[in-house]
Amino acid sequence: MAGYVSGGLGTGHTVERPPHISESRLTRGILLTIALLFIALVIVLPLVGVLAKAFEKGYDVYVASITEPDALSALKLTLIVALIAVPLNTVFGVAAAWAITKFSFKGKNLLITLIDLPFAVSPVISGLIFILLFGSNGFFGPWLENNDIQIVFALPGIVLATIFVTFPFIARELIPLMQAQGTQEEEAAASLGAKGWQIFWRVTLPNIKWGLLYGVILCNARAMGEFGAVSVVSGHIRGMTNTLPLHIEILYNEYQFTASFAVASLLVALALVTLIIKSIVEWKHEQQMMVKE
C-alpha cells in the first residue's frame, strides 16, 4: 500500500492509505518526475548558474568580491537587521497567537486580518508607507528633524520595513497549531493553581516550541532576503544602508556581473544554512513524535 506524509511540521509520520485510493506505480512515477523536473528547472539550475557565474573569473576574484568593504558592510547590515527584526517578531507572534487562540475578545477577526495584511500589500507599498510617516515631508518628519532623529535612509527605517513584511510568519505558523491543541491543558493547569506566566512557560511553550522554531526560521529567511520595502526606505547609500539584496542590484546595474553573482552566493549560502536548520528542526520533531507513539 502507498503511504503519504500528512500535515505540516509536527506530523511527519507516514499514514497507510487504503488500496482503493492508492495511485498506480505509473501515476506515482509521472508525478515524481514532473516534481523533480520542475525543481531542477526552477531551483537547482538557477542556483548552479549563480555559483558558476560567481567563480567564472576564478577563486581570487570571488574572494575579492565578497570581502571588499561595501560587500562586508552589506552583509553586516543584513545580519543586524535580522537579529533585531526576528526577535521582535517572535515576541509579537507568540503574543498574538496566544491571545487569538486562548481568549475570546472583541476585534479578534480584525486582529487576524491585520496580521495577514503584509501578505496582501506589496513590499514596495509598505516601504512608501514608512516614507509618508517618517520622511522629511512625512507626518512625523518635521518633529523627527527638530529632534535630530533619522528613521528613513537609516537603520531604524530598514528594521521597521523588515518587521512589517515579516511579522505574519511566526503568528501564522502558531495560530493553527495552538487552535488544534485547544485550551484543555491550560485550563487544567489553571484549575491546579498555576498562574498565567507559569501556564505559558510550563504548558503552552513546550507544546508550540517546534512550530515556533519553524516560524522563526521562515521569518529569518524572509528578513535576510527582503528587497522591495528595504529598497524604498534605505536610500541606497553605499556602505551604510545597503543590505545584501540591494548591494547585488547595484553591482548588477553597474555591469559588475561576476561581483554581483559572488555576493549573491552569500545569500545562497545563508539560504542553505536556513534550510539545513529547518531540516534538523523537522527531523528532531519527527523523532520526538515517534518516541511518543
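Source: prediction; values computed, not measured. (Residues numbered from 1 in each chain as written. Predicted model: local features only at pLDDT ≥ 70, side-chain atom pairs only at ≥ 80, totals over all residues. Heavy atoms only, no water.)

Participant: Whenever I open this one, the packing of aromatic side chains confuses me. Can you help?
Facilitator: Geometry of an aromatic ring pair is reported as the spacing of the ring centres plus the angle between the planes. One pass over the full model with this rule turns up 16 aromatic pairs. Measuring from ring centre to ring centre gives 6.1 Å for Phe-130 and Phe-164, while their planes differ by 85°; the resulting arrangement is edge-to-face. Of this pair, Phe-130 sits in helix H5 (residues 123–134) while Phe-164 sits in helix H7 (residues 155–166), and the two are 34 residues apart along the sequence. The class for Phe-130 is buried, based on a relative accessible area of 11%. Between the aromatic rings of Phe-200 and Trp-201, the centroid separation amounts to 5.4 Å while the plane-to-plane angle is 75°, which identifies the pairing as edge-to-face. Aromatic rings pair up to connect Phe-92, Phe-130, Phe-134, Phe-139, Phe-140, Phe-164 and Phe-167 into one cluster. (Phe/Tyr/Trp six-rings, centres within 6.5 Å; stacked < 30°, edge-to-face > 60°. Helix = DSSP H or I, 4+ residues; strand = E, 2+ residues; numbered from the N terminus. Buried < 20%, exposed > 50% of the residue type's maximum accessible area, 1.4 Å probe, protein only.)

Participant: It is not clear to me how the packing of helix H3 (residues 69–102) against helix H4 (residues 108–120) should be interpreted in this structure. Could you clarify?
Facilitator: Helix packing for two helices is described by the angle between their axes and how far apart those axes are. Close contact between H3 and H4 brings their axes to 11 Å; oriented N to C, the two are set at 150°. Taken together, the axes of H3 and H4 lie roughly antiparallel to each other. When you trace H3 past H4, the crossing you get is left-handed. Judged by residue contacts, Phe-92, Ala-96 and Ile-100 of H3 engage Lys-108, Leu-111, Ile-112 and Ile-115 from H4. In terms of residue class, the contact of H3 with H4 is built from six nonpolar, no polar and one charged. (Axes fitted to C-alpha atoms, helices over the stretch in contact; angles between N-to-C directions. Parallel < 35°, antiparallel > 145°, perpendicular 65-115°, else oblique. Left-handed = near helix turned anticlockwise from the far one by under 90°. Contact = heavy atoms within 4.5 Å. Nonpolar A, V, L, I, M, F, W, Y, C, P; charged D, E, K, R; others polar.)

Participant: Is there a simple way to think about a nonpolar patch on the surface in this case?
Facilitator: There is a patch of nonpolar side chains on the surface, built from Phe-38, Ile-39, Leu-41, Val-42, Ile-43, Val-44, Leu-45, Leu-47 and Val-48 and spanning about 810 Å² of accessible area. Locating Leu-47 in the fold gives a position in helix H1 (residues 25–54). (Patch = residues over 30% accessible without salt bridge, like charges linked within 9 Å, V, L, I, M, F, W, Y side chains within 5 Å. Areas by Shrake-Rupley, 256 points an atom, 1.4 Å probe, with all protein chains shown as cover. Salt bridge = Lys/Arg side-chain N within 4 Å of Asp/Glu carboxyl O.)

Participant: Looking at this structure, I do not really get the packing of H7 against helix H10 (residues 196–225). What am I missing?
Facilitator: At a closest axis distance of 10 Å, the pairing of H7 and H10 adopts a crossing angle of 135°. On the basis of their axis angle, the class for H7 and H10 is oblique. Read as a crossing pair, H7 and H10 show a hand that is right-handed. Residue-level inspection shows Thr-162, Val-165 and Thr-166 of H7 in contact with H10, the latter providing Cys-219, Arg-222 and Ala-223.

Participant: Sorry, what's going on with the pattern of salt bridges here?
Facilitator: Pairs can form between side chains of opposite charge whenever their charged atoms are close. Per the stated rule, a full pass over the model turns up six salt bridges. Notably, a salt bridge pairs Arg-238 with Asp-70, separated by 3.3 Å at the nearest N-O pair. With Arg-238 in the loop between helix H11 (228–234) and helix H12 (244–253) and Asp-70 in helix H3, the pair connects residues that are 168 residues apart, well separated along the chain. As a salt-bridge pair, Arg-172 and Asp-116 come within 2.9 Å of each other at their nearest N and O atoms.

Participant: What am I meant to see in the UniProt feature "transmembrane region" (unreviewed entry) in the protein chain here?
Facilitator: Look at the UniProt record and you will see "transmembrane region" (unreviewed entry) annotated at residues 30–55, 75–98, 110–134, 149–171, 212–237 and 257–281. As annotated, residues 75–98 has a helix share of 100% and a strand share of 0%, and its two end C-alpha atoms lie 34 Å apart. In residues 257–281, helix accounts for 100% and strand for 0%; the two terminal C-alpha atoms are 36 Å from one another. (UniProt positions renumbered as here; feature names shortened; annotations may be inferred.)

Participant: I'm lost on the UniProt feature "domain: ABC transmembrane type-1" (unreviewed entry) in the protein chain in this one. Help?
Facilitator: Per the UniProt record, "domain: ABC transmembrane type-1" (unreviewed entry) is found at residues 75–278. Secondary structure across residues 75–278 comprises 79% helix and 0% strand; the distance between its end C-alpha atoms is 22 Å.

Participant: Just to check I follow, could you spell out H12 for this structure?
Facilitator: Where burial is concerned, most of H12 is hidden: seven out of the 10 residues are buried. Positioned one or two residues after H12, Tyr-255 has a phi angle of 65°, which is positive.

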